[in-house]
Amino acid sequence: MAPVVRIARRGADRLKSGHVWVYRSDIISADAMAAGALVSVTDDRGKALGTALYSSASQIAIRMISTEPVNDLPALLRERLQAAITYREQVVRHSDAYRIVFSEADFLPGLIIDRYNDVLTLQILTQAMDAESARTAILSEITGRLKPASIIERVDAKIRGLEQLPPRSSGPIQGEQTGTVFSMNGVKFHYEALEGQKTGAFLDQRENYRAAAQYARGEALDAFCYQGGFALHLAQNCSKVTGIDSSRPALEVADRNAVLNGRDIEWIEANAFDLLRDYSAAKTQYDTIVLDPPAFAKSRQNLDTALRGYKELNLRALKMLRPGGILVTCSCSYHVSQLAFLEMLAEAARDARRTGRILESRSQAKDHPILLNVPETAYLKCVILRVS
């Protein structure tokens, strides 16, 4: 029988609303249990609420996996993986690179799996998913269903430290191949599993790349271009494209991607904030500008500072657009809501004395699903404006 965790009314109400997290401060009592244990959860009166995965280290002490008793966790993991793969088969188009498992959004908390053509990457972020029985079930299921050339584990050392998990090194856990070429929307990209940010590419922008290319025209600027995702898509319809990033290794990959696609793109190694300030002061103009900066708000405490940063960035871009120009502007900060982002854009447009017409207000790609009752699964904003 699974050990029992009894939680306070606040935590129970949170679960009854459809969320899946219980914070340590909402635990009333807990049987002696191992790190990563499968636990039964009850409210303060002892009423059963379901089954969860327990963390002995995280402030998110409980992550629900079922409203019913669970007797065989490896079997449940296999079932959830099958469902996740089937879902991607239904929603992913024009790409052989996409997210296969998105943690809580696929009812597999603490597990991230991405596909890049014939290479899979795996990230494990919780004690329960790091258990040997869970690892074995996960690897067996994805190998049998997807038959990858290799599976690479990408280790987030900071998160493993916070979860009090033993250190691991990133590297192949099945097969030896770490590099490949993948495609999205007809554009090809080099991929090296042990390099780059996240698991190596920004798959959550895949559908936004395609949308941006639909409106792009003339001379285009892609700020924070990383390995050229937006820039390469813009190049399909623009007469000239310039990409800016502060990372030389990222730009080197971007240039290789441009050669792979037969595109002539100008890459500039620079701080995008500083360069946009200089370009704005010099009255440099473009027909299309993309802003895809890193997350400015890492926590709620950073929200005001983040919004000021977004406004400054968008204000400069708005001033640099020719009449009728296109602005594609993004935020991957969860703490910046869609409403706050749009209000920031409205203020920036007013200060720039420009008018913006929303062509599309978008989110992350469908392979990064959003659960209605778990707002933390929604984080990416992408607004496409026509500016006059």
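Quick summary incoming for the structure in this document. (Residues numbered from 1 in each chain as written. Predicted model: local features only at pLDDT ≥ 70, side-chain atom pairs only at ≥ 80, totals over all residues. Heavy atoms only, no water.)

Across the sheet, which stays open at both edges, the five strands sit in the order 7-8-9-10-11 with mixed pairing between neighbours. Looking along the sheet, the strands with just one partner apiece sit at the ends: strand 7 (97-102) and strand 11 (171-174). Across the sheet, the mean angle separating the axes of adjacent strands is 25° when strand polarity is ignored. As paired elements, strand 10 (residues 150-153) and strand 11 share three bridges and run antiparallel to each other. (Pairing = 2+ DSSP bridges. Helix = DSSP H or I, 4+ residues; strand = E, 2+ residues; numbered from the N terminus. Axes fitted to C-alpha atoms, helices over the stretch in contact; angles between N-to-C directions.)

Applying the stated criterion to the full structure yields 25 salt bridges. One salt bridge in this structure joins E89 and R145, with 3.9 Å as the shortest N-O distance. Taken together, the residues span a long stretch of sequence, with E89 in helix 2 (residues 73-91) and R145 in helix 4 (residues 132-146) at a distance of 56 residues. On the basis of relative accessible area, R145 is assigned to the partly exposed category, the value being 34%. (Salt bridge = Lys/Arg side-chain N within 4 Å of Asp/Glu carboxyl O. Buried < 20%, exposed > 50% of the residue type's maximum accessible area, 1.4 Å probe, protein only.)

Now for the sheet that holds strand 6 (residues 60-66). In space, the six strands of this open sheet follow the order 2-6-5-4-1-3, with mixed pairing throughout. Strands with a single pairing partner mark the edges of an open sheet, and in this sheet they are strand 2 (21-23) and strand 3 (27-30). For this sheet, the mean angle separating the axes of adjacent strands, direction not counted, is 35°. Sheet strands in contact with helix 1 (residues 9-16) are strand 1 (4-7), strand 2, strand 4 (38-42), strand 5 (48-54) and strand 6, and its direction is about 165° off that of strand 2. (Contact = heavy atoms within 4.5 Å.)

Turning our attention to the pairing of strand 5. Most of strand 5 sits out of view: six of its seven residues are buried. Across five bridges, strand 4 lies against strand 5 in antiparallel orientation. Residue pairing across strands places V41 opposite G50, the latter belonging to strand 5. Here strand 4 hands over to strand 5 after five residues, with G46 in that stretch at a positive phi of 90°.

Attention now moves to the nonpolar core. F182, L234, V241, W267 and V328 are the most contacted members of the largest nonpolar core, which totals 36 residues. Among the elements of the structure, strand 12 (179-184), strand 13 (187-192), helix 6 (206-215), helix 7 (229-234), helix 8 (248-260), strand 18 (321-331) and strand 20 (381-387) are those that each provide at least two residues to this core. Ranked by residue count, the leading element in this core is helix 7, at four residues. Once residues within four sequence positions are removed from consideration, V328 is found in contact with A212, F230, I289, V290, L291, C382, V383 and I384. Counting 34 residues, the second largest nonpolar core, distinct from the first, contains L327, A349, V383 and L385. (Core = buried A, V, L, I, M, F, W, Y, C linked by side-chain atoms within 4.5 Å.)

Turning our eyes to something else, we now look at the packing of helix 2 against helix 4. Helix 4 packs onto helix 2 with a crossing angle of 35° between their chain directions and a minimal axis gap of 9 Å. Here helix 2 and helix 4 pass one another in a crossing that is right-handed. Residue-level contacts link P74, L77, R78, L81, Q82, I85, T86 and E89 of helix 2 to S133, A134, A137, I138, S140, E141, I142, R145 and L146 of helix 4. Class assignment for the residues of the contact of helix 2 with helix 4 results in nine nonpolar, four polar and four charged. (Left-handed = near helix turned anticlockwise from the far one by under 90°. Nonpolar A, V, L, I, M, F, W, Y, C, P; charged D, E, K, R; others polar.)

Where helix 9 (residues 272-281) contacts helix 10 (residues 303-320), the axes come no closer than 9 Å and their chain directions differ by 35°. Judged by the sense of rotation from one axis to the other, the crossing of helix 9 with helix 10 is left-handed. Taken together, the residues of helix 10 that come into contact with helix 9 (itself represented by F273, L276, R277, Y279 and S280) are G309, E312, L313, R316, K319 and M320. Taken together, the residues of the contact of helix 9 with helix 10 sort by class into five nonpolar, two polar and four charged.

All right, on to the packing of aromatic side chains then. Evaluated as defined, the whole model comprises 12 aromatic pairs. A ring pair is formed by F202 and Y226, whose centres lie 4.9 Å apart and whose planes are at 75°; its orientation type is edge-to-face. Here Y226 lies in the loop between strand 14 (219-223) and helix 7 and F202 lies in the loop between strand 13 and helix 6, a separation of 24 residues in the sequence. Classification of Y226 as buried rests on a relative accessible area of 10%. (Phe/Tyr/Trp six-rings, centres within 6.5 Å; stacked < 30°, edge-to-face > 60°.)

Together, R9, K16, R45 and K47 make up a positively charged patch on the protein surface. Mapped onto the fold, R9 is located in helix 1. (Patch = residues over 30% accessible without salt bridge, like charges linked within 9 Å, V, L, I, M, F, W, Y side chains within 5 Å. Areas by Shrake-Rupley, 256 points an atom, 1.4 Å probe, with all protein chains shown as cover. Lys, Arg positive; Asp, Glu negative; His and termini not counted. Charge placed at Lys NZ, Arg CZ, Asp CG, Glu CD.)

Attention shifts here to helix 11 (residues 338-352). For an α-helix, the turn length of 3.6 residues means that residues three or four places apart are oriented alike. An ideal rise of 1.5 Å per residue puts 21 Å on 15 residues; helix 11 measures up with 21 Å between its terminal C-alpha atoms. Every buried residue of helix 11 is listed here: A340, F341, M344, L345, A348, A349 and A352. In this structure, the buried residues of helix 11 make contact with helix 10, strand 18 and strand 20. Among the residues trailing helix 11, R353 stands out with phi positive, at a value near 60°. (Expected span 1.5 Å × (residues − 1).)

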